[in-house]
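# Structure assessment
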Amino acid sequence: MTPDLIYDQLIGAGCVKKLVFSWGGNPGVGSLHRLRDAVENGWPQPIEIEEHAHAGMAAAYSAGASNLPFGMLRGYVGTDLVKYNQRIKFIDCPFTGAKLAAIPAHRPDVTVVHAQKADRKGNVLMWGVVGVQKEAVLAAKRAIVTVEEIVDDLHSPPNSVVLPSWVLSAVCEVKGGAFPSYAQGYYQRDNAFYKAWDFIARDRATFQTWIDRHVLGTKDFAEYKRSLEGATSHA
Amino acid sequence: MPEGAYTSDEMMTVAAARMIRNGVTLFVGIGLPSAAANLARLTHAPDTVLIYESGTIGAKPTVLPLSIGDGELSETADAVVSIPEIFSYWLQGGRIGLGFLGAAQIDKYANINSTVIGDYNKPKVRLPGSGGAQEIAGFCGEVLITLRQNNRAFVKKLDFLTSGGYFEGGDSREKLGLPGKGPTNVITDLGILTPDPETKELTLTSLHPGITVEQVVAATGWPLKVAPKLDVTAAPTAAELSVLRDLNERTARAHAGQA
């Protein structure tokens, strides 16, 4: 739905052929400059975009999780997204004749989400702004969850958002794994990094130096985090 | 700044905040709308129910959120629901009285663009896109729009219609079957524009203090209609300014601390 800095890094590194999204910015800061460069100038390679609005994305993930061919919603009428995205169509309600928008179900090959806790069996508990993560997991062929910690007992009250281990392919403990975003109850968003990203990603050479040093030059997430901490500035 | 003085952005935020009736359920976009909504909640409209598209219902942030998904929003909310739920049960379900949006471009029928500047397939500037704006504009009972007024933003023809106001004017919105009334006020740094009851064309109805009609006309990319009897927006009160500045200072402090 909302590609963030990690998507910007993937796009700038030339790993992305197509982006399906509904809002692409650096939240509270401004643009995702690598996304913009790819769309505006085709650098480092042209990117295909399939653009929706949030409600359409949500309906498509819900449809995927429900094994329906498409998601359905009111809306999109009269807007220009319909002209450019051929995957937004309109159907007539068979009962009332109402005109409704239809979006093909999202069925990701792999969904990766970050949550707070898992127990030793691999059941996952998440809370706070859960967004569309449950639907994205259940819509996918495979799902990987990273968590802040693995505990003996989730102590989850009824109605909690729990992803049982048997719908997941892998659960990995990755402390700080939401970085530079936040994990509710664990740490806040690293706002300095979001601001620094605006500078890093604005210029191709600065971006290239950054990704060579901190991402391609490190062997795992822990080393990546240490590499960033060791830098005098985020750049 | 001398005592009683204020910036044009402060005037815009205060004028927008005053439009929010106490107790309304309000779907808030990030940026200028969020500042105005929280100013209203902290002044004349304490019972306003703030809803952000991340699924937080009844959020009461002490500082302005950096994004619609901030932890601050869910920690202070009455309820937090999933994204499919907030859009289907609450917004499409017709539970939200007022929506509040910003925009990059607006036309004379209050349609807005937050997608691209230039051609969609080869844009000069790729903007973030709709997010929830398209459905907020369609399904809230009514909509407020706030943005700075200049003729790059107030254009004769949008580069892209992201979210519908009154489309081609007249009854074209009703004909499309959108349930919400549409934009009822556009609040800028120069004045307030409201749609003509029949044609739905935006008409200048209030000037902020010290602003002239000529200034507003010059900042508008189409021949702007001006109401025969223009109001002058009341200047921000000392109380409004003090609450807004406290909020902005608290926000800056909190976000600087998140380094």
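Looking only at helices and strands, chain B features eight helices and 14 strands. Taking 259 residues into account, the globule formula puts the C-alpha radius of gyration at 18 Å, and chain B, at 18 Å, falls close to it. The principal-axis extent of the C-alpha atoms belonging to chain B is close to 50 × 45 × 35 Å. Taken across its 259 residues, chain B has 58% of its residues classed as buried. Put simply, 65% of the contacts in chain B that link residues at least 6 apart link residues at least 24 apart.

The number of helices and strands found in chain A is eight helices and twelve strands. Its C-alpha radius of gyration of 19 Å places chain A within 12% of the 18 Å reference for a compact globule of 235 residues. Considering only C-alpha atoms, chain A reaches an extent of 65 × 50 × 25 Å along its principal axes. Buried positions account for 49% of the 235 residues belonging to chain A. Expressed as a percentage of contacts within chain A between residues at least 6 apart in sequence, the contacts between residues at least 24 apart total 69%. Working note: accessible area of chain A is about 11,300 Å², and carbon and sulfur atoms make up 53% of it. When the 25 positive and 24 negative side-chain charges of chain A are each reduced to one mean point, those points stand 4 Å apart.

Quoted interface sizes are often the accessible area lost when the parts come together. At the junction of the two partners, chain A supplies 44 residues and chain B supplies 41 residues. Approximately 3,500 Å² of surface area, both sides summed, lies buried where chain A meets chain B, with 60% of it carried by carbon and sulfur atoms. Counting across the interface, chain A meets chain B through one salt bridge. Measuring nitrogen to oxygen at the nearest pair gives 2.7 Å for the salt bridge that ties Arg126(B) to Glu51(A). Joining chain A to chain B, the criterion identifies 19 residue pairs in polar contact (both at pLDDT 80 or more). Broken down by element, the residue count for the side of chain A that touches chain B peaks at five residues, all from helix 3 (residues 54-65) of chain A. Across the side of chain A that touches chain B, the residue classes tally to 19 nonpolar, 17 polar and eight charged.

For the rest of this paragraph, the subject is the pattern of salt bridges. Scanning all chains against the criterion turns up 19 salt bridges over all chains. With its nearest N and O atoms 2.6 Å apart, the salt bridge here joins Arg204(A) to Asp37(A). Here Arg204(A), found in helix 7 (residues 204-216), pairs with Asp37(A), found in helix 2 (residues 33-41); they are 167 residues apart in sequence, far enough to count as distant. Arg204(A) gets classed as partly exposed once you look at its relative accessible area, which sits at 33%. Among the residues examined, Asp37(A) registers a relative accessible area of 7% and is labelled buried. With a closest N to O distance of 3.3 Å, Glu201(B) and Lys225(B) form a salt bridge. One end of the pair, Glu201(B), is in the loop between strand 12 (191-195) and strand 13 (202-207); the other, Lys225(B), is in strand 14 (residues 225-232), with 24 residues separating them in the sequence.

About the thresholds
Residues numbered from 1 in each chain as written. Chains lettered and ligands numbered in written order. Predicted model: local features only at pLDDT ≥ 70, side-chain atom pairs only at ≥ 80, totals over all residues. Heavy atoms only, no water. Helix = DSSP H or I, 4+ residues; strand = E, 2+ residues; numbered from the N terminus. Rg over C-alpha atoms; globule rule 2.2 N^0.38 Å. Buried < 20%, exposed > 50% of the residue type's maximum accessible area, 1.4 Å probe, protein only. Contact = heavy atoms within 4.5 Å. Areas by Shrake-Rupley, 256 points an atom, 1.4 Å probe, with all protein chains shown as cover. Lys, Arg positive; Asp, Glu negative; His and termini not counted. Charge placed at Lys NZ, Arg CZ, Asp CG, Glu CD. Buried area = accessible area lost by both parts, 1.4 Å probe. Salt bridge = Lys/Arg side-chain N within 4 Å of Asp/Glu carboxyl O. Polar contact = N/O pair within 3.5 Å; in protein donor to acceptor, adjacent residues only side chain to side chain. Nonpolar A, V, L, I, M, F, W, Y, C, P; charged D, E, K, R; others polar.

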